Amino acid sequence: MVNATDIDIPIWRGAEAARAQLLSRRRPDDDELSEVERRILRRLFDDEPDFEEAVRRIIEQVRSGGDDAVVQIAEAIDGAAPDSLIVSEAEFAEARSEVSAELVAALQHAADRVRRYHEVQLAHAAKSFSAGGLGQLVRPLARVGLYVPGTAAVYPSTVLHTAIPAQVAGVPEVVIASPAVSAEAGTARVNALKLVAAEIAGVDTVYKVGGAQAIAALAFGTETIPAVDKIFGPGNRFVTAAKRRLYGVVGIDAIYGPTETMIIADDTANPELVAADLLAQAEHDNLAAPILISTSENLAHAVVEQLTTQTLDLPRREIALTALRNRGGLAFVPDLDEALAIANEYAPEHLALVVNNADQRVGDVHNAGGLFVGEASPEALGDYVAGPSHVMPTGGSARFASALNVGEFMKITTVVQVADELLDEVSADAELIAHAEQLDAHARSLERRRRDR
């Protein structure tokens, strides 16, 4: 029997041990800056400010310096200044030539499924109504900005999973900000896969800017980049900190942390598939959280054997192993009820139920960004072609937040149009409450209407 120490994944025996570890999850901001991040800050500033101060300075530089500040920051971070902040038609054409027809077809298939899902979702979303003089107007936002991360690893799927719900909601203008990497002759380019995905999704404009400076540019606007009403999408800790700081200046979808998947499995689960699903989560980055809660110790040991075997030839092996060791875990609990209780307390971004009669336990799940039911519904499918957006709440925020949906791209205006006879009926009580709150002008506003009738 292979021991878990072969891959050093933490093991927790019993529900209380699992709770003690899982519910004390660290925020990424609590981690020390890496040497790479420190090097970037030294290139940007004469001194070496702490993390929050660095983000504040970047925002202020963009707010006061506009395009020039965005370009200077990009050059300091990425080593190449974009010749234009807007991706040109020629760059889109070049991107199309670099992506295989098979991959374009796969992206189109994913886009079609994402669009169909959100069109159905729109039919069930909030609608305008009027009843008895009271109602609401539901309107799409006018302009939204999507942040699409990734230079070393790129995510065309994130383009589809953010832009398409915005379009289905009826947003007239959808723009993307995405970091550009240094190409030949010192130029900076957005990855071809992202640009092809942006074309498929019908994005209006793509801007070559990433990091906290992208969030600031979208929030305040520059000479080239117009201010948006709301910013969507995940990013690194600098992006996240900028979103948190600029909330209120601009709408913010959510504060996203490291990705996480919790799998609840019993003795009917296939250990090879459970291990594969954990590794699909673990390979995202060092901060990913792949977690298994099992009611079967035999299954758990078999999963560990599979993890050891499957990581031997995994291209992103070291990343996956780091995630398993540092933020992953394997818990033994006595029964499925206890496993579900822990999951609801942890509120994972992704929750997979790989148990007997999994569909019968869906109603027991209260807190999860996305729910994946049964062995044929792995989280990896949701990342690409299942249909719902893969942008989901992390860090326990699934207790109060939802997966990205068409409603996030809309706003509601309430409408009050009271008939004269209803005013007579209801205003006396309103006056009474206004006097109790010592807001006499409120009461007089109502009294004058009744007096003048």
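Predicted model, so just to flag it, every value in this text is computed and none were measured.

### Section: the overall build of the protein chain
No. 1: Helices and strands together make up the secondary structure of the protein chain, namely 16 helices and 16 strands.
No. 2: Across its three principal directions, the C-alpha atoms of the protein chain cover 90 × 60 × 45 Å.
No. 3: Here the protein chain holds 453 residues, and the buried ones make up 47% of them.
No. 4: Expressed as a percentage of contacts within the protein chain between residues at least 6 apart in sequence, the contacts between residues at least 24 apart total 73%.
No. 5: Looking at the protein chain, you have 40 positive and 67 negative side-chain charges, and the mean spots of the two groups are 5 Å apart.

### Considering a nonpolar patch on the surface
No. 1: Residues L134, V416 and V418 make up a contiguous nonpolar surface patch of about 260 Å² in total accessible area.
No. 2: For V418, the position within the fold is in the loop between β16 (410-416) and α15 (420-436).
No. 3: Note on V418: relative accessible area 37%, which makes it partly exposed.

### Side note on the pairing of strand β4 (residues 143-147)
No. 1: Counting buried positions along β4 yields four of five residues, so the element is predominantly enclosed.
No. 2: Alignment of β4 against strand β5 (residues 173-178), held across five bridges, turns out to be parallel. The residue of β5 that forms the bridge with V144 is V174.
No. 3: Pairing between β4 and strand β9 (residues 230-232): three bridges, direction parallel. Looking at β9, one finds that L146 is bridged to F232.

### Concerning the packing of aromatic side chains
No. 1: On inspection of all chains with the given rule, the structure shows two aromatic pairs.
No. 2: On the numbers, 5.0 Å between centres and 70° between planes, the contact of F51 with F238 is edge-to-face. In this pair, F51 is assigned in helix α3 (residues 51-78) and F238 in helix α9 (residues 237-246), connecting sequence segments 187 residues apart.
No. 3: With a relative accessible area of 10%, F51 lands in the buried category.
No. 4: On the basis of an interplanar angle of 20° and a centroid distance of 4.1 Å, the ring pair of F232 and F409 is categorised as stacked. With F232 in strand β9 and F409 in the loop between α14 (379-384) and β16, this pair connects stretches of sequence that are 177 residues apart. Across this residue pair, the class does not change: F232 and F409 are buried.
No. 5: Cation over ring: R57 sits above F45, and NZ or CZ is 5.2 Å from the ring centre.
No. 6: Over the ring of F51 we find R237; its NZ or CZ atom is 5.5 Å from the centre of that ring.

### Examining the pattern of salt bridges
No. 1: Scanning all chains against the criterion turns up 22 salt bridges.
No. 2: Here R56 ties to E53 by a salt bridge, and the two come within 2.9 Å at their closest N and O atoms. Placement of the pair is R56 and E53 together in helix α3, with a separation of three residues, close to one helical turn.
No. 3: With a relative accessible area of 23%, E53 lands in the partly exposed category.
No. 4: In the salt-bridge network here, residues are joined through shared partners; they are E16, R19, E338 and E345.

### Some points on the packing of helix α10 (residues 271-282) against helix α11 (residues 297-310)
No. 1: Interhelical geometry of α10 versus α11 gives an angle of 60° and a closest axis separation of 8 Å. Between α10 and α11, the interaxial angle falls into the category oblique. When the axes of α10 and α11 are compared, the crossing they make is right-handed. On α11, the residues that touch P271, E272, V274, A275, A276, L278 and L279 of α10 are L299, A302, V303, Q306, L307 and Q310.
No. 2: Residue composition of the contact of α10 with α11, grouped by class: ten nonpolar, two polar and one charged.

### Notes on the packing of α3 against α9
No. 1: One way to put it is that α3 packs onto α9 with a least axis distance of 10 Å and a crossing angle of 70°. The angle between α3 and α9 places the two elements in the roughly perpendicular class. In this structure, the crossing between α3 and α9 has a hand that is right-handed. Between α3 and α9, the residues in contact are F51, E52, V55, R56 and I59 and R237, F238, A241, A242, R245 and L246, respectively.
No. 2: When its residues are assigned to classes, the contact of α3 with α9 shows seven nonpolar, no polar and four charged.

### Let's talk about the environment of A320
No. 1: Take A320: it is sitting in helix α12 (residues 317-326).
No. 2: Note: C-alpha distance between A320 and P290 (30 residues apart in sequence) is 9.2 Å.
No. 3: The residues touching A320, leaving out its near neighbours within four places in the chain, are L279, A282, E283 and L314.

### Side note on the side chain of T261
No. 1: Inspection of the secondary structure puts T261 in strand β11 (residues 260-265).
No. 2: A polar contact is formed between the side chain of T261 and the side chain of Q281, at a distance of 2.6 Å.
No. 3: Filtering out sequence-adjacent residues up to four positions away, T261 remains in contact with Q281, A289, P290, I291, H350 and E379.

### A word on unusual backbone geometry
When glycine is set aside, most residues are seen to have a negative phi, and most peptide bonds are trans.
No. 1: The backbone of A347 shows a phi angle near 55°, a positive value even though the residue is not glycine.
No. 2: Secondary-structure assignment places A347 in the loop between α13 (336-346) and β14 (350-354).
No. 3: The phi angle at N357 is positive, at roughly 55°, despite the residue not being glycine.
No. 4: Looking at the element boundaries, N357 is found in the loop between β14 and β15 (370-373).

### A few points about the sheet that holds β16
No. 1: The strand order across the open sheet built from three strands is β2-β3-β16, with neighbouring strands paired in antiparallel fashion. Sheet topology places β2 (129-131) and β16 at the edges, where each strand pairs with a single neighbour. The sheet shows a mean angle of 15° between the axes of neighbouring strands, direction not considered.
No. 2: Pairing between strand β3 (residues 134-140) and β16: seven bridges, direction antiparallel. Bridging from a neighbouring strand, G135 pairs with V415 of β16.

Each value, and the rule that gives it
Residues numbered from 1 in each chain as written. Predicted model: local features only at pLDDT ≥ 70, side-chain atom pairs only at ≥ 80, totals over all residues. Heavy atoms only, no water. Helix = DSSP H or I, 4+ residues; strand = E, 2+ residues; numbered from the N terminus. Buried < 20%, exposed > 50% of the residue type's maximum accessible area, 1.4 Å probe, protein only. Contact = heavy atoms within 4.5 Å. Lys, Arg positive; Asp, Glu negative; His and termini not counted. Charge placed at Lys NZ, Arg CZ, Asp CG, Glu CD. Patch = residues over 30% accessible without salt bridge, like charges linked within 9 Å, V, L, I, M, F, W, Y side chains within 5 Å. Areas by Shrake-Rupley, 256 points an atom, 1.4 Å probe, with all protein chains shown as cover. Salt bridge = Lys/Arg side-chain N within 4 Å of Asp/Glu carboxyl O. Pairing = 2+ DSSP bridges. Phe/Tyr/Trp six-rings, centres within 6.5 Å; stacked < 30°, edge-to-face > 60°. Lys NZ or Arg CZ within 6 Å of the ring centre and 35° of its normal. Axes fitted to C-alpha atoms, helices over the stretch in contact; angles between N-to-C directions. Parallel < 35°, antiparallel > 145°, perpendicular 65-115°, else oblique. Left-handed = near helix turned anticlockwise from the far one by under 90°. Nonpolar A, V, L, I, M, F, W, Y, C, P; charged D, E, K, R; others polar. Polar contact = N/O pair within 3.5 Å; in protein donor to acceptor, adjacent residues only side chain to side chain.

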